[in-house]
Amino acid sequence: DGGITQSPKYLFRKEGQNVTLSCEQNLNHDAMYWYRQDPGQGLRLIYYSQIVNDFQKGDIAEGYSVSREKKESFPLTVTSAQKNPTAFYLCASSPRGTGSGNTIYFGEGSWLTVV
Amino acid sequence: GDSVTQMEGPVTLSEEAFLTINCTYTATGYPSLFWYVQYPGEGLQLLLKATKADDKGSNKGFEATYRKETTSFHLEKGSVQVSDSAVYFCALSDLEAAGNKLTFGGGTRVLVKP
């Protein structure tokens, strides 16, 4: 089945550690996104990529890094510089950008907890 | 910049009641509008969308009409079920905005009681 796979579903991080969240899609989409969701709140854009080997900062990029070496993959690294990393992280993709009405599709999300 | 404003929840209803969730937007161009639904512990699923003024999106008994004159995209369902309990997000995408990406409202939690 086509879709977006995020892993791991649950992740615990010690303070000072970097962790990487995986996101893979087999929808042949050009654009990929990372959003952060805090409990009871909306989604905030961390990073997005509209094409391989290119990505842009979203609204809350500080403390995060990404790479886009392959069309199918858009991993997110939460670095030790991110002061409040505990959140639900959602990866998404769309055929191109969403401005032309293209639908953005979401993965199931990854819960990150700092212990 | 672009923004989306939704009514705050939670919205608590009885089964078979009528549901309305208000959504208004601000955009620089002519956006496409979306409603997404999130069930507990899951990602977001597209519920419906509309790409131009006066379009009506519909799915699973939910409807929303793109109203350019009032910059609104209110979500409605005539008879809700317990399984409709979820968080609903209104969103827009704007070709003229930098980054060509989705802007979300804050979400509205809906709880349907038997």
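Please refer to the structure higher up on the page.
The text that follows walks through the structure, step by step, so that each part is easy to find. Values in this document were obtained by computation on a predicted structure and should not be read as measured data.

**Remarks on the overall build of chain B**
Phase 1 of the analysis: If you tally the helices and strands in chain B, you get zero helices and twelve strands.
Phase 2 of the analysis: Across chain B, helices and strands are ordered from the amino to the carboxyl terminus as β-β-β-β-β-β-β-β-β-β-β-β.
Phase 3 of the analysis: For 114 residues, the compact-globule estimate of 2.2 N^0.38 gives 13 Å, and the C-alpha radius of gyration of chain B, at 14 Å, lies within 12% of that figure.
Phase 4 of the analysis: Structurally, chain B occupies a C-alpha span of about 45 × 30 × 20 Å along its principal axes.
Phase 5 of the analysis: Counting across all 114 residues of chain B, residues that qualify as buried make up 47%.
Phase 6 of the analysis: Sequence separation of 24 or more characterises 57% of the internal contacts of chain B that already satisfy a separation of 6 or more.
Phase 7 of the analysis: With the model as given, the accessible surface of chain B reaches about 5,300 Å², and the carbon-plus-sulfur share is 48%.
Phase 8 of the analysis: Distance between charge centres in chain B, computed from 10 positive and 13 negative side chains, equals 2 Å.

**Concerning the side chain of B:Asp84**
Residue and element names in this part refer to chain B.
Phase 1 of the analysis: Along the chain, Asp84 turns up in the loop between strand 9 (75-77) and strand 10 (86-93).
Phase 2 of the analysis: Polar contacts involving the side chain of Asp84 include one to the side chain of Lys77, which spans 2.8 Å.
Phase 3 of the analysis: Once you skip the residues sitting within four places of it in the chain, Asp84 turns out to touch Phe62, Lys77, Val110 and Val112.

**What to know about the interface of chain B and chain A**
Phase 1 of the analysis: Facing 23 residues of chain B, the contacting portion of chain A comprises 24 residues.
Phase 2 of the analysis: Approximately 1,700 Å² of surface area, both sides summed, lies buried where chain B meets chain A, with 54% of it carried by carbon and sulfur atoms.
Phase 3 of the analysis: Seen at the junction of chain B and chain A, the total is zero salt bridges.
Phase 4 of the analysis: Across the chain B-chain A interface, the total number found is seven residue pairs in polar contact (both at pLDDT 80 or more).
Phase 5 of the analysis: Those elements that place two or more of their residues in the side of chain B that touches chain A are strand 5 (32-38), strand 6 (44-50), strand 10 and strand 11 (102-104) of chain B.
Phase 6 of the analysis: Per-element tally for the side of chain B that touches chain A: the top contributor is strand 5 of chain B, with four residues.
Phase 7 of the analysis: Within the side of chain B that touches chain A, the residues separate by chemical class into nine nonpolar, ten polar and four charged.

**Quick word on the packing of aromatic side chains**
For any pair of aromatic rings, geometry is given as the distance between the ring centres together with the angle between the planes.
Phase 1 of the analysis: For the structure shown, the criterion picks out 13 aromatic pairs over all chains.
Phase 2 of the analysis: A ring pair is formed by B:Tyr36 and B:Phe104, whose centres lie 6.0 Å apart and whose planes are at 55°; its orientation type is tilted. Linking B:Tyr36 in strand 5 with B:Phe104 in strand 11, this pair joins segments that are 68 residues apart in sequence. Summarising the burial analysis for this pair, B:Tyr36 and B:Phe104 share the class buried.
Phase 3 of the analysis: Among the aromatic residues, those joined into a ring-pair cluster are A:Tyr33, A:Tyr35, A:Phe106, B:Phe34, B:Tyr36, B:Phe89 and B:Phe104.

Basis of the calculations
Residues numbered from 1 in each chain as written. Chains lettered and ligands numbered in written order. Predicted model: local features only at pLDDT ≥ 70, side-chain atom pairs only at ≥ 80, totals over all residues. Heavy atoms only, no water. Helix = DSSP H or I, 4+ residues; strand = E, 2+ residues; numbered from the N terminus. Rg over C-alpha atoms; globule rule 2.2 N^0.38 Å. Buried < 20%, exposed > 50% of the residue type's maximum accessible area, 1.4 Å probe, protein only. Contact = heavy atoms within 4.5 Å. Areas by Shrake-Rupley, 256 points an atom, 1.4 Å probe, with all protein chains shown as cover. Lys, Arg positive; Asp, Glu negative; His and termini not counted. Charge placed at Lys NZ, Arg CZ, Asp CG, Glu CD. Polar contact = N/O pair within 3.5 Å; in protein donor to acceptor, adjacent residues only side chain to side chain. Buried area = accessible area lost by both parts, 1.4 Å probe. Salt bridge = Lys/Arg side-chain N within 4 Å of Asp/Glu carboxyl O. Nonpolar A, V, L, I, M, F, W, Y, C, P; charged D, E, K, R; others polar. Phe/Tyr/Trp six-rings, centres within 6.5 Å; stacked < 30°, edge-to-face > 60°.

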